[in-house]
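# Structure at a glance
These are the residues of each chain, in order.
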Amino acid sequence: AKPSGRHFHRDHQRWASLTLADFEAINRCDRSLPKNFNFAGDVLDQWSQKEKVEDDGLPLGAWCLLITHSSASLVCGLLVNVNTILLFRSLLGSLSFPGLVFMPGTTQLTAKDILYRLRVSKAKCIVASEEVAPAVESIVSECPHLKTKLLVSPESRNGWLSFQELFQSASEEHSCVETGSQEPMAIYFTSGTTGSPKMAQHSQSSLGIGYTLCGRYWLDLKSSDIIWNMSDTGWIKAAIGSVFSSWLQGACVFVHRMAQFDMDTFLDTLTTYPITTLCSAPTVYRMLVQKDLKRYKFKKLQHCLTGGEPLNPEVLEQWKAQTGLELYEGYGQTEVGIICANQKGQEIKPGSMGKGVLPYDVQIIDENGSVLPPGKEGEIALRVKSTRPFCFFSEYVDNPEKTAATIRGHFYVTGDRGVMDTDGYFWFVGRADDVIISSGYRIGPFEVESALIEHPAVVESAVVSSPDPIRGEVVKAFVVLSAPFKSSNLEELTLELQDHVKKSTAPYKYPRKVSGPKVKFVLLNYYANMRGLPNVHREVELKDF
Ligand code: BCO
């Protein structure tokens, strides 16, 4: 790749000798982590300098190199539903401040979700768009730590600072702060089987350096590429694909936010703009291969990626047959980023999620933490002892028990079950717990059950995963109705319950299937236990037994 081995900017006093090749060496464990690292100063400022001094065909200069500057002293910022370019500005601005941790929120968060996030994180500042401002105002009185509200909008609003005004009046000169490479940089909320989402904290280097090889070999990016990574900015996949991995390689990030996913807009975008690299959830490819794709001529598309949920081999084959392009699957988690991938140049085995990605040592382990041989099913795990890889999350904030519970022997356990073959390729089997992976979202059943139980019709609920041909899995709710609702029209009541969940928590979690309590479900668990499967609360086809 073009930038490899080249100096970002030799004259720069802080990183006079550190190059992209050095960041790669750190990922290969051939070089130790520097004491200090700051992505804004040590990567973006270098590319910015390079762009100023060399005219070597960097594509559009559109990697949003706009560092904000203000004297506000913030500790934590929640960024919700802001226009993506502005989100990048605030995110990069946040990197330039000492002690500031950013916390992206997905566009679908409800007022209740925002309240939860602001309270547990004790965030001092929120950056939000106009659409979200009323939701924030409805809960702000319950957030004693929140001091500053920053509105991203051409309009002004009482009680909010204007992001645009502050940005325009900020000096173009800035000096980026020194940050320790293991200082906290970001918090991502992630769902588990029980309880509310946990705060997984990443450091300056885990996100800022950790995915250098992933950008080069999985995303296959060069500074002349344009990547469209469709993930919502609230997910770590956006941090990897739309910020850190891409900008480490100097690639241009294409941004097109759709209020709601629309297939025609999606296809028009690929045929109109010179996007070279596409990253999207398997669900999107499943939807796409239903269409006659041969009718479309994608302008520059040459590298396609997917992740967030398992990709079925048929979809990979259909995509290739229709477009002539391979589909490179990656596998990872909020806590650890990308840990397995089908990298460019590697043979793809359809149905496999590729090989382990450096610096991780990925293994399949048993319940005692012992490594299993190829072909044996167990839990997908990463070696953390004696040395914990630097690109790991640091901890679940304020939750030492949950942090400790991820460690088994010498390994971090992902909670996913899989198999490694004799060639070192990993094959996903399923979750080892009750987390539901639907359309690339990780959904905690408890969160949906809590939302359902708030409705007067629901006395009890049990939420499980159910197979789905397009979304991989969907949320299915079994409910026991309260006496006054027992004679209700069930179709109408189902819609009402779905709507209720969409209002109570992020709508992507709503139960797409709702049913009365079923003996069948209890029986399935019984059969699962008979087969020695751990804790399987999923709806499966009876034929599977
Ligand atoms: O399908 P429905 O129409 O019944 O429901 C949809 C929306 O209509 C609805 N909704 C959205 N906003 C709403 C609302 N309803 C009421 N009020 C609102 N304000 O809620 C449902 C949302 O479902 P969705 O998000 O799946 O929507 P959609 O349009 O079907 O999108 C399909 C996908 C595939 C584009 C979408 O599911 C998606 O983006 N998935 C990928 C998620 C992702 O990026 N995951 C990566 C996580 S990070 C990770 O895995 C770590 C790996 C390193």
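### Comments concerning the overall build of the protein chain
Within the protein chain one finds 16 helices and 25 strands. Carbon and sulfur atoms form 51% of the exposed surface of the protein chain, whose accessible area is close to 23,000 Å².

### Some details on the pairing of strand 23 (residues 458-468)
Relative to strand 24 (residues 472-481), strand 23 runs antiparallel, the two sharing 10 bridges. When the sheet's bridge partners are listed, Val-463 is paired in strand 24 with Ala-477. Between the antiparallel neighbours strand 23 and strand 24 lie three residues.

### Here we look at the site of the ligand
By nearness alone, 23 residues border the ligand, and Ser-231, Gln-260, Tyr-441, Arg-471 and Tyr-510 come closest of all. Here Gln-108 contributes a side-chain N or O atom positioned 2.9 Å from an oxygen atom of the ligand. One nitrogen or oxygen atom from the side chain of Arg-471 is found 2.6 Å from an oxygen atom belonging to the ligand. In isolation the ligand offers 1,100 Å² of accessible surface; the protein chains occlude 75% of this area. Of all the elements in the fold, those that place two or more residues in the shell around the ligand are helix 9 (236-248), helix 11 (282-288) and strand 12 (327-333). Considering only residue class, the shell around the ligand consists of 10 nonpolar, nine polar and four charged.

### Digging into helix 12 (residues 313-323)
Within the sequence span of helix 12, burial applies to Val-315, Leu-316, Trp-319 and Gln-322. The buried residues of helix 12 occupy one face: seen down the axis, they fall within an arc of 140°. On the buried face of helix 12, the contacting elements are helix 11, strand 11 (303-306) and strand 12. Positive phi shows up at Gly-324, right after helix 12, with a value of about 80°.

### Some remarks on the side chain of Thr-306
On the secondary structure map, Thr-306 appears in strand 11. Apart from residues lying up to four places away in sequence, Thr-306 is in contact with Trp-218, Ser-280, Ala-281, Pro-282, Tyr-285, Leu-311, Leu-327, Tyr-328, Glu-329 and Gly-330.

### Here's the deal with the sheet that holds strand 8 (residues 226-229)
With mixed pairing, seven strands are arranged side by side in an open sheet as 9-8-10-11-12-13-14. The sheet is open, and its two edges are formed by strand 9 (252-254) and strand 14 (355-356), each paired on a single side. Running at roughly 170° to strand 8, helix 9 makes contact with strand 8, strand 9, strand 10 (277-280), strand 12 and strand 13 (337-341) of the sheet. Along the sheet, helix 10 (residues 263-272) makes contact with strand 8, strand 9 and strand 10, crossing strand 8 at roughly 175°.

### Concerning the state of the cysteines
Taken as a whole, this structure holds zero disulfides when the rule is applied. The thiol of Cys-143 is not disulfide-bonded; the next cysteine sulfur, from Cys-125, is found 13 Å away. Taking the relative accessible area as the measure of exposure, Cys-143 reaches 6% and is therefore buried.

### Notes on the nonpolar core
Core analysis: the biggest nonpolar cluster contains 96 residues, and Phe-39, Phe-244, Phe-266 and Trp-319 have the highest contact counts within it. For this core, the leading source of residues is helix 9, giving seven residues. Discounting chain neighbours no more than four positions away, the residues touching Phe-266 are Trp-228, Met-230, Met-258, Phe-261, Leu-278, Val-284 and Leu-288.

### Considering the pattern of salt bridges
All chains considered together, the criterion is met by 20 salt bridges. Close ionic contact of Arg-31 with Asp-22 constitutes a salt bridge, the shortest N to O distance being 3.1 Å. Judged by its relative accessible area of 38%, Arg-31 is partly exposed. What makes Asp-22 buried here is its relative accessible area of 13%. Among the ionic contacts, a cluster of salt bridges with common partners joins Glu-24, Arg-28 and Arg-216.

### Some details on unusual backbone geometry
Leu-358 connects to Pro-359 through a cis peptide bond whose omega is 10°. Of note, Pro-359 is situated in the loop between strand 14 and strand 15 (362-365). Here Lys-385 and Ser-386 are connected by a cis peptide whose omega angle stands at 15°. With respect to the helices and strands, Ser-386 occurs in the loop between strand 16 (378-383) and strand 17 (395-396). The phi dihedral of Asp-220 is positive, around 55°, even though this residue is not glycine. Residue position: Asp-220 is located in the loop between helix 8 (212-218) and strand 8.

### Focus on the sheet that holds strand 24
If you walk across this open sheet you meet the three strands as 23-24-25, and the pairing is mixed. If you trace the sheet from one side to the other, it starts and ends with strand 23 and strand 25 (513-515), each paired once. Averaged over all pairs of adjacent strands, the angle between their axes in this sheet comes to 25°, without regard to strand direction. Where strand 24 and strand 25 come together, three bridges link them in parallel fashion. Residue pairing across strands places Ala-477 opposite Val-514, the latter belonging to strand 25. Sheet strands touched by helix 14 (residues 445-453): strand 23 and strand 24. Its angle to strand 23, the strand with the most contacts, is close to 140°.

### A short note on the pairing of strand 12
The element strand 12 is extensively covered by neighbouring structure, given that six of its seven residues are classed as buried. Of the pairings in the sheet, the one linking strand 11 to strand 12 comprises three bridges and is parallel in character. Note on strand 12: the bridge partner recorded for Leu-305 is Tyr-328. Sheet analysis places strand 12 next to strand 13, joined by four bridges and oriented antiparallel. Of the residues in strand 13, the one forming a bridge with Gly-330 is Ala-341. Connecting the antiparallel pair strand 12 and strand 13 is a turn made up of three residues.

### A few points about the confidence of the model for the protein chain
On average, residues of the protein chain score 85 in pLDDT, and 84% of them are at 70 or above. Taken together, the stretch residues 57-76 has pLDDT below 50 and engages in 60 contacts with residues farther than four places along the chain or on a different chain. Considering only residues more than four positions removed or in separate chains, one finds that residues 541-545, a stretch of pLDDT under 50, has eight contacts. Both scores are given for the predicted complex: the pTM is 0.89, the ipTM 0.97.

Cut-offs used in this document
Throughout, residues of each chain are indexed from 1 in the direction in which the sequence is written. Local features in this predicted model are restricted to residues of pLDDT 70 or higher, and side-chain atom pairs are both shown and tallied only at a pLDDT of 80 or more, whereas totals for entire chains, interfaces and linings draw on every residue. For side-chain calculations, the full set of non-hydrogen atoms in the structure is used, while hydrogens and water are omitted. The way it works is that DSSP assigns letters per residue, a run of H or I at least four long becomes a helix, a run of E at least two long becomes a strand, and they are numbered from the N terminus. Each accessible area is a Shrake-Rupley result for a 1.4 Å probe, and residues are judged covered by the shown protein chains and nothing else. For two strands to count as paired, DSSP must find a minimum of two bridges between them. Near is defined per residue: the residue qualifies when any heavy atom it owns lies within 4 Å of the molecule or strand. By the criterion applied in these results, polar contacts are pairs of N or O atoms within 3.5 Å in which, for protein atoms, one can donate a hydrogen and the other can accept it, and in which residues neighboring in sequence qualify only through two side-chain atoms. Residue polarity follows a fixed list, in which Ala, Val, Leu, Ile, Met, Phe, Trp, Tyr, Cys and Pro are nonpolar, Asp, Glu, Lys and Arg are charged, and the others, Gly among them, are polar. Exposure is judged per residue with a 1.4 Å probe applied to protein chains only, and the accessible area is read against the type maximum: over 50% gives exposed, under 20% gives buried, and values in between give partly exposed. Directions pointing from the helix axis toward each C-beta atom define the arc. In this analysis, two residues are considered to be in contact whenever any of their non-hydrogen atoms come within 4.5 Å of each other. Between the N-to-C directions of two axes lies an angle of 0 to 180 degrees, each axis being a line fitted to C-alpha atoms and, for a helix, fitted only over the stretch in contact. Throughout, disulfides are identified as pairs of cysteine sulfur atoms within 2.5 Å of each other. Side-chain atoms within 4.5 Å link the members of a nonpolar core, which is a set of buried Ala, Val, Leu, Ile, Met, Phe, Trp, Tyr and Cys residues. A carboxyl oxygen of Asp or Glu within 4 Å of a side-chain nitrogen of Lys or Arg is what we treat as a salt bridge. Each residue carries a pLDDT score, the predictor's own confidence in it, on a scale running from 0 to 100.

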